[in-house]
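Fold and geometry: a report
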Amino acid sequence: MPSLMLLVHIINSGLVLHSYESKHRIATFFANVAHETGFFCYIEEINGALHNYCDESNTQYPCNPDKKYYGRGPLQLTWNYNYGAAGNSIGFDGLNSLETVATYPVISFKAALWLWMTNVHQVLNQGFGTTIRAINGAIECNGGNPGAVQSRIQYYNQYCNQLGVAPGDNLSC
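- An unreviewed UniProt entry lists the protein chain under the name chitinase, with Carya illinoinensis as the source organism.
- In its Catalytic activity (unreviewed entry) section, the UniProt record describing the protein chain reads: "Random endo-hydrolysis of N-acetyl-beta-D-glucosaminide (1->4)-beta-linkages in chitin and chitodextrins."

Following this line, the structure appears as structure tokens:
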């Protein structure tokens, strides 16, 4: 496991990490990223090109028929509407140059943080399980993929242990 304290130091230079809540948030973020990337090994969804995450009913961010909106980045950004909105927010062409999320580390992490702040941040105080639901609820929760849920929980417990905080309640979705 990479040194958690080194990673925390690098990405949180402006945050106070001494609070119990901050340590839980760091553990939650890294647990989900570790799971999504196969413990920091994959920047693109395994077999992602086989999937077509295109919501054709979304007219604000229409799909480019030549692109596949599968998972890329530390939190595996998916779907045309997420790529489009993330691109608008952080400054890349999310509908036509979505490969940027996998090939440029700064954009990759900005996309992950955009997804985190847009979909996950507001449920952090409800327990780790709600973050799983916010990221991949329909796919993993309610028996959808119990192995994936357990993987996330295992990473979360490991990071909480490294940071010296108890995992708390509501670990599963």
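Once the structure has been displayed, the description carries forward.
Looking at the state of the cysteines
- Counted by the stated rule, this structure contains 2 disulfides.
- Between the sulfur atoms of Cys54 and its disulfide partner Cys63 the distance amounts to 1.9 Å. Residues Cys54 and Cys63 are joined through a disulfide that is right-handed, its torsion about the S-S bond being 115°.
- You can call Cys54 buried: its relative accessible area is 17%.
- On the accessibility criterion, Cys63 (22% relative accessible area) is partly exposed.
- There is a disulfide in this structure between Cys141 and Cys173, and the S-S distance comes to 2.0 Å. Looking down the S-S bond of the Cys141 and Cys173 bridge, the torsion is -105°, so its handedness is left-handed. Here Cys173 lies in the segment after helix 7 (146–163) and Cys141 lies in the loop between helix 6 (128–140) and helix 7, a separation of 32 residues in the sequence.

Some points on the environment of Trp114
- Assignment of secondary structure puts Trp114 in helix 5 (residues 105–120).
- Looking at Trp114, the relative accessible area reads 13%, which means it is buried.
- Distance from Trp114 to Asn82, taken between C-alpha atoms, is 9.5 Å for residues 32 residues apart in sequence.

Quick notes on helix 6
- For helix 6, with 13 residues, the first-to-last C-alpha span of 14 Å runs short of the 18 Å given by 1.5 Å per residue.
- Residue Ala134 marks the point of greatest curvature in helix 6, where the axis turns by about 70°.
- Those residues of helix 6 that sit buried are Phe128, Gly129, Thr130, Thr131, Ile132, Ile135, Asn136, Gly137 and Glu140.
- Where helix 6 terminates, the next one or two residues include Asn142, which has phi positive at roughly 55°.

Conventions used here
- Residues numbered from 1 in each chain as written.
- Predicted model: local features only at pLDDT ≥ 70, side-chain atom pairs only at ≥ 80, totals over all residues.
- Heavy atoms only, no water.
- UniProt positions renumbered as here; feature names shortened; annotations may be inferred.
- Disulfide = S-S within 2.5 Å.
- Buried < 20%, exposed > 50% of the residue type's maximum accessible area, 1.4 Å probe, protein only.
- Helix = DSSP H or I, 4+ residues; strand = E, 2+ residues; numbered from the N terminus.
- Expected span 1.5 Å × (residues − 1).
- Bend = angle between axes of the 7 residues up to and from the residue.

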